[in-house]
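Spelled out from the first residue to the last, the chains are:
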Amino acid sequence: MKLFISADIEGIAGVATIQQLVTSGEYQRFRKLMTEEVNAAIRGAFNGGATEVVVADGHGNMSNIIIEDLDPRARLVSGNNRVMAQLEGLDDSFDGIIFVGHHGRESDSNAVISHTLAGVCVKEFNVNGKIVGETELNAMVAGKFQIPSIFISGDDIYVKEVKETLPLVQSVVTKYARNRLAAELIHPDVVQLEVEKYVQVAVEDIEHYQPFVLEGPITFEIEFKGPQQAQMTSTLPTVQMLTPTRISFTCDDMVTAYKHMWGCVIIAMASTNGVLGAVNN
């Protein structure tokens, strides 16, 4: 049994503020906690019968997990410039996907450090008429590969959000959101035991989970935070401007649409302060 773990940091036990995750703050402390919570999921996966586990580091520059502290039974996808972003390495050889330390969507959420993929530019993702966050989006891509989403962990609002789309997914609440920059925290040791326990439960019961398959065509609408971001994505002939900050495009299937979305987000990030804005520096 081969399992994929997509790991983020905002939903990890102990995290409550953005300042904790920047290198000038307590980042080294919290990347260690991220690694430990991922290890709990790895233990649960192998306890449940997994024979192979691949972890994709999915936060920021996607090189946060400390490889020398990672459970040596797992392999780690680390580093950036990834065509598939948080899902780099995912294909139809996997039997299930696990989401550790993920967070709520930005547009309508009061979850802890809520955002959607790229907080500098993205306000909202809408797929075939449904507002989605990162986990739901990733679950749709996994569904294209016939891979079921079996476990999530993050704050209570995030878990409630995802269960609107994936009601049967196994879950662990890592903290209780008080607002976007405050939380009622649960001790990491307690959370890690819960993650290990319920990942094992999910893996042992994996045959009862169904992939979330979204049949094509797939229409994305992306609401950006600035008109300069949306405008520059229109350099792609497939992109239609709906408003000064909102774009739309349609693809035949979810994997193609995901790559197209990521291309638009890359362009939007680059155009935030002007694509050539720093050339003369």
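Note that this is a predicted model, so its numbers are computed, not measured. In this convention, every chain numbers its residues from 1, walking through the sequence in written order. With pLDDT at 70 or above as the cut-off, local features in this predicted model cover only qualifying residues; side-chain atom pairs require 80 or more to be listed or tallied, and sums for whole chains, interfaces and linings still use all residues. In computing side-chain values, all of the structure's heavy atoms are included and hydrogens and water are not.

## A closer look at the overall build of the protein chain
Rule in force here: Segments assigned H or I by DSSP are reported as helices when at least four residues long, segments assigned E as strands when at least two residues long, and all are numbered from the N terminus. Computation of the radius of gyration draws on C-alpha atoms alone. For the globule rule, the value is 2.2 Å times the number of residues to the power 0.38. Classification of residues uses two cut-offs on accessible area relative to the type maximum, computed with a 1.4 Å probe and protein chains only: under 20% is buried, over 50% is exposed, and between them is partly exposed. Computed by Shrake-Rupley with a 1.4 Å probe, the accessible areas treat only the displayed protein chains as cover when residues are assessed. Asp and Glu are treated as the negative residues and Lys and Arg as the positive ones, with His and the ends of the chain left uncounted. Lys charges are placed at NZ, Arg charges at CZ, Asp charges at CG and Glu charges at CD.
Regarding its fold elements, the protein chain presents six helices and 13 strands. In summary, the protein chain has a C-alpha radius of gyration of 18 Å against a globular reference of 19 Å for 281 residues, a match within 12%. Counting across all 281 residues of the protein chain, residues that qualify as buried make up 55%. Put simply, the protein chain shows about 11,800 Å² of open surface, and 51% of that area lies on carbon and sulfur atoms. Across the protein chain, 21 positive and 35 negative side-chain charges occur, with their mean positions spaced 3 Å apart.

## Observations concerning helix 1 (residues 27–47)
Given 3.6 residues per turn, any residue in an α-helix points the same way as the ones three and four places further on. Applied cut-off: By this rule, a helix spans an expected 1.5 Å times one less than how many residues it contains.
The first and last C-alpha atoms of helix 1 sit 30 Å apart over 21 residues, in line with the 30 Å expected at 1.5 Å per residue. The element helix 1 is extensively covered by neighbouring structure, given that 15 of its 21 residues are classed as buried. Looking at the residues trailing helix 1, positive phi occurs at glycine 49, about 120°.

## Quick look at the sheet that holds strand 8 (residues 170–173)
Rules: Only strands joined by at least two bridges in the DSSP assignment are considered to pair. Between N-to-C directions, angles span 0 to 180 degrees; the directions come from axes that are lines fitted to C-alpha atoms, helices contributing only their stretch in contact. Contacts: residue pairs with any heavy atoms within 4.5 Å of one another.
Taken in spatial order, the six strands line up as 3-2-1-4-7-8 in an open sheet, and their pairing is parallel. If you trace the sheet from one side to the other, it starts and ends with strand 3 (74–77) and strand 8, each paired once. Sheet twist, expressed as the mean angle between neighbouring strand axes with direction ignored, is 15°. Against the sheet, helix 1 engages strand 1 (2–7), strand 2 (52–57), strand 3, strand 4 (96–100) and strand 7 (149–154), with an angle of about 155° to strand 2. Strands strand 4, strand 7 and strand 8 of the sheet are contacted by helix 3 (residues 156–165), whose axis makes an angle of about 155° with strand 7.

## Digging into the pattern of salt bridges
What counts, and what does not: Salt bridges are defined by distance alone: a side-chain nitrogen of Lys or Arg within 4 Å of a carboxyl oxygen of Asp or Glu.
Tallied over the full model, the rule gives 13 salt bridges. One salt bridge in this structure joins glutamate 136 and arginine 105, with 3.2 Å as the shortest N-O distance. Residue glutamate 136 is found in helix 2 (residues 134–144), and its partner arginine 105 is found in the loop between strand 4 and strand 5 (122–127); the two are separated by 31 residues along the sequence. Both residues of the pair, glutamate 136 and arginine 105, belong to the buried class. A salt bridge links glutamate 223 to arginine 246, with the shortest nitrogen-to-oxygen separation between them at 3.0 Å.

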